[in-house]
2 protein chains.
Amino acid sequence: MDRGVIVGIDLGATFIKAGLITQNGQIITQLQRLTEATQGRKKVVENIAFVIKHLIDNQKRDSILGIGIGSPGYVLNGQIVGGAENIKDWENVPLREIIEKRFSVPTFVDNDVNTVTLGEKVFGLGKRSKNFICITLGTGIGAGLVLNGQLYRGARGYAGEIGHTTVDYKGWLCNCGSRGCLEAYAGTEGILARAQVLLKKTPQSILRKSQERLTPKIICEAAKKGDPVAQEVVKEVGEYIGVGLANVVNLLNLDRVIIGGGISQAGRVILEPIKASLKRYTLNLGRKGLKVNLSILGARAGLLGSAVLVLEKMEQEVKNEREYLHF
Amino acid sequence: MDRGVIVGIDLGATFIKAGLITQNGQIITQLQRLTEATQGRKKVVENIAFVIKHLIDNQKRDSILGIGIGSPGYVLNGQIVGGAENIKDWENVPLREIIEKRFSVPTFVDNDVNTVTLGEKVFGLGKRSKNFICITLGTGIGAGLVLNGQLYRGARGYAGEIGHTTVDYKGWLCNCGSRGCLEAYAGTEGILARAQVLLKKTPQSILRKSQERLTPKIICEAAKKGDPVAQEVVKEVGEYIGVGLANVVNLLNLDRVIIGGGISQAGRVILEPIKASLKRYTLNLGRKGLKVNLSILGARAGLLGSAVLVLEKMEQEVKNEREYLHF
């Protein structure tokens, strides 16, 4: 058992990242393939199967402990329920069943924000924390929660929608139909909209001279170089994120906040305004001992977390066996 | 054991409510005494001891299973840490120790919002729910959370501060130093301030003619009678509460919301705007199957919940014993 490896899959809208991972979180082999998300579910499943086959072809079959997959959207019992807007037709896909049948290897599927959070819990900054949030900043804003040492999923598996918590109840309309959601301000669309508004007032910004299509990444880079518009945008975005996180910290008395996702790779330029805002909006008692950091796993969190799906299942089985022996 | 009774104490800023309670939640004897909160901790402890003595004097000592106390403020390991603004000097009080020494009966102390929530969990609408929030609307706004079937306390026992989650991040200053907190709008002070503003514009309101000092209760009564100012205030307050609750529902994917505390006794006049607002601000998926109700236990929740502190301890002991036998 100790020598076995796990196949981890991190399904994204652009790439499928996959790896052979040891039980202590070492990524032995890693590969990446285009998701081809616009081509719909058949093609996407095919691409997932392709990378799995590629990874296990040179392995002894009994050394493969399991396959773990993190997918966008809502996942219940290994089935993709829906809610993944960036992959065409990614609804009612019995992914677990399909992959298990194809490869005869135990397979586990979960939402990608959950797998990222599990990655942080077992191999990242969450290792020493029993109550933390892992927020993922990207096109959308999601979060995973570890409460009392366990990934918290909620009544029906939909927990973690921090992006749709309201920070300004009369504020901007959000795609979800509600108002003033964190995502409306600090998701990609919100960031770009705010930059456009500020750019009109400050034509000398280097952002305006940029030939590329504006992205949060370009804005963060410009902020690091001292561009005033970019700095203002990043400061405002950080403030909103801090308010949303403070709400969670006040409600749940967490001991740690981990910030992941694309925008977090901007580093201190985004971390500092988030921390300042968190400080302003958290209660004194709740703030005591609270740690706030950028993810140290970065993009690897999802891949490692998909392996954790398999590891947790194995732990559970060992536990059940023990209880059985006691009976 | 089955015939034993529990002493439950619900410590409030005005009254100490106390009762002899059976294991299935029947309140056999109930009594009430002034807290005399302004006289400081010595007097308050004396008053608590007085009601306990009174309740157990005619009972066989070995029929008393335990004493449970719900207290305002932060409680750690049976000790009042602080944070109870309405009882003078209610800080660093080793209440558990004091009461146990005095009566030689196992004693358990917890925060009063936690005991209310435990009351709802075991004897109220929370009975059939594994993931719910119990919000208490009063001078301040607090909440207890039951997640995965367990009362959730957070990293250091400070969870539940929904009153200090921000619904309007550039909004009113709150007593806590932060901005736009739910409590700043929907706590007693916020409600009265808003009523005063609206009253200036509408002098014909019956609230203006009221000889009594304005309270949330009087405003709710006037709203029921159709007073336009009172109705506007209640509608706005309900909307804020709904936004705050929607944030929690979206984050935690709860299956139930229970609304308790003084203002909840106004009934539908406050429930309806809360429900309307919750509907507007929750995600479709998270709203499915969500139940929103006023507490059916009302003021008894705290008393019953303090008994649950003892019941849970007893359950734990039975469980430990079973595990011991298996070893």
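The rules behind each value
- Residues numbered from 1 in each chain as written.
- Chains lettered and ligands numbered in written order.
- Predicted model: local features only at pLDDT ≥ 70, side-chain atom pairs only at ≥ 80, totals over all residues.
- Heavy atoms only, no water.
- Pairing = 2+ DSSP bridges.
- Helix = DSSP H or I, 4+ residues; strand = E, 2+ residues; numbered from the N terminus.
- Axes fitted to C-alpha atoms, helices over the stretch in contact; angles between N-to-C directions.
- Contact = heavy atoms within 4.5 Å.
- Phe/Tyr/Trp six-rings, centres within 6.5 Å; stacked < 30°, edge-to-face > 60°.
- Buried < 20%, exposed > 50% of the residue type's maximum accessible area, 1.4 Å probe, protein only.
- Buried area = accessible area lost by both parts, 1.4 Å probe.
- Salt bridge = Lys/Arg side-chain N within 4 Å of Asp/Glu carboxyl O.
- Polar contact = N/O pair within 3.5 Å; in protein donor to acceptor, adjacent residues only side chain to side chain.
- Parallel < 35°, antiparallel > 145°, perpendicular 65-115°, else oblique.
- Left-handed = near helix turned anticlockwise from the far one by under 90°.
- Nonpolar A, V, L, I, M, F, W, Y, C, P; charged D, E, K, R; others polar.
- Least-squares fit on C-alpha atoms with pLDDT ≥ 70 in both.
- Core = buried A, V, L, I, M, F, W, Y, C linked by side-chain atoms within 4.5 Å.
- 1 Å grid on protein atoms, 1.4 Å probe; cavity = no way out; pocket = protein on both sides within 12 Å on 5 of 7 lines; lining within 4 Å.
- Points joined across faces, edges and corners; volume = space filled by probe spheres on them.
- Disulfide = S-S within 2.5 Å.
- pLDDT = per-residue confidence, 0-100.

A. Geometry of the sheet that holds strand E12 (residues 291-294) of chain A. Residue and element names in this part refer to chain A. Taken in spatial order, the 5 strands line up as E10-E9-E8-E11-E12 in an open sheet, and their pairing is mixed. Each having just a single partner strand, strand E10 (150-152) and E12 make up the two edges of the open sheet. Averaged over all adjacent pairs, the angle separating strand axes in this sheet is 20°, with direction ignored. Across the sheet, helix H9 (residues 268-281) is in contact with strand E8 (132-137), strand E11 (256-260) and E12; its angle to E12 comes to roughly 160°.

B. Layout of the packing of aromatic side chains. Taken as a whole and judged by the stated rule, the model has 8 aromatic pairs over all chains. Centre to centre, the rings of tyrosine 240 of chain A and tyrosine 169 of chain B are 4.6 Å apart; their planes meet at 50°, and the pair counts as tilted. Within this pair, whereas tyrosine 240 of chain A is found in helix H8 (residues 228-252), its partner tyrosine 169 of chain B is found in the loop between strand E10 (150-152) and helix H4 (182-186), the two belonging to separate chains. According to the relative accessible area criterion, tyrosine 240 of chain A is buried, its value standing at 10%. Ring geometry for tryptophan 172 of chain B versus tyrosine 185 of chain B: centroids 4.8 Å apart, planes at 25°, classification stacked. In this pair, tryptophan 172 of chain B sits in the loop between E10 and H4 while tyrosine 185 of chain B sits in helix H4, placing the two residues 13 residues apart along the sequence. Since its relative accessible area comes to 36%, tryptophan 172 of chain B is described here as partly exposed.

C. Just the interface of chain B and chain A, in detail. Tallying the contact residues gives 44 residues for chain B and 44 residues for chain A. Summed over both partners, the interface of chain B with chain A comes to about 3900 Å²; 60% of that surface belongs to carbon and sulfur atoms. Linking chain B to chain A there are 0 salt bridges. Linking chain B with chain A are 26 residue pairs in polar contact (both at pLDDT 80 or more), by the criterion used here.

D. Seen up close, the packing of helix H1 (residues 41-56) of chain A against helix H2 (residues 95-103) of chain A. Residue and element names in this part refer to chain A. Running from amino to carboxyl end, H1 crosses H2 at an angle of 40°, the nearest separation of the two axes being 11 Å. Classed by the angle they form, the pair H1 and H2 counts as oblique. The element H1 and its partner H2 pack so that their crossing is right-handed. On H2, the residues touching Val45, Ile48, Ala49, Ile52, Lys53 and Ile56 of H1 are Leu95, Ile98, Ile99, Arg102 and Phe103. In the contact of H1 with H2, the residues fall into 9 nonpolar, no polar and 2 charged.

E. Examining the relation of the copies chain B and chain A more closely. If you rotate chain B by 180° and push it 0.0 Å along the axis, it lands on chain A with an RMSD of 0.0 Å. As the rotation angle and translation indicate, the two copies are arranged about a two-fold axis. Nearest to the rotation axis, the C-alpha of aspartate 168 of chain B is located 2.0 Å from it, this being the minimum over chain B. In this assembly the copies share their binding face: 100% of the residues contributing to the interface of chain B also contribute to that of chain A.

F. Structural context of the nonpolar core. The biggest cluster of nonpolar side chains holds 114 residues, and the ones touching the most others in it are Ile162, Ile219 and Leu252 of chain A together with Ile162, Ile219 and Leu252 of chain B. Discounting residues that sit within four places of it in the chain, isoleucine 219 of chain A has contacts with Ile191, Leu192, Ala195, Leu207, Leu214, Ala230, Val233 and Val234 of chain A.

G. Spatial organisation of empty space enclosed by the protein. According to the stated counting rule, one finds 5 cavities of 30 Å³ or more in the structure shown. In this structure, the largest cavity spans a volume of roughly 80 Å³. Forming the walls of the largest cavity are Thr165, Gly244, Asn247, Val248 and Leu251 of chain A together with Thr165, Gly244, Asn247, Val248 and Leu251 of chain B. For the lining of the largest cavity, the secondary-structure elements that each account for two or more residues are H8 of chain A together with helix H8 (228-252) of chain B. By residue class, the composition of the lining of the largest cavity is 4 nonpolar, 6 polar and no charged.

H. Structural context of the state of the cysteines. As enumerated under the stated definition, the model contains 0 disulfides over all chains in all. Free of any disulfide, cysteine 181 of chain A has its nearest neighbouring cysteine sulfur in cysteine 176 of chain A, separated by 3.7 Å. We classify cysteine 181 of chain A as buried; its relative accessible area is 0%. Note on cysteine 134 of chain B: no disulfide assigned, nearest cysteine sulfur contributed by cysteine 220 of chain B at a separation of 18 Å.

I. Expanded view of the side chain of threonine 117 of chain B. Position of threonine 117 of chain B relative to the elements: it lies in helix H3 (residues 112-123). A relative accessible area of 0% means that threonine 117 of chain B is categorised as buried.

J. Geometry of the environment of glutamate 239 of chain B. Locating glutamate 239 of chain B in the fold gives a position in helix H8. A C-alpha to C-alpha distance of 34 Å links glutamate 239 of chain B and valine 109 of chain B, two positions 130 residues apart in sequence. Among residues more than four places away in sequence, those in contact with glutamate 239 of chain B are Tyr169 of chain A together with Pro273, Ser277, Arg280 and Tyr281 of chain B.

K. Representation of helix H7 (residues 216-224) of chain A. Residues and elements named next belong to chain A. Pro216, Ile218, Ile219, Cys220, Ala222 and Ala223 are the residues of H7 that are buried. At its buried positions, H7 is contacted by helix H5 (188-201), helix H6 (206-209), H8 and H9. Within two residues after H7, glycine 226 carries a phi angle of roughly 100°, on the positive side.

L. How the structure looks around the confidence of the model for chain A. When the pLDDT values of chain A are averaged, the result is 93; 98% of them are 70 or greater. Both scores are given for the predicted complex: the pTM is 0.93, the ipTM 0.92.

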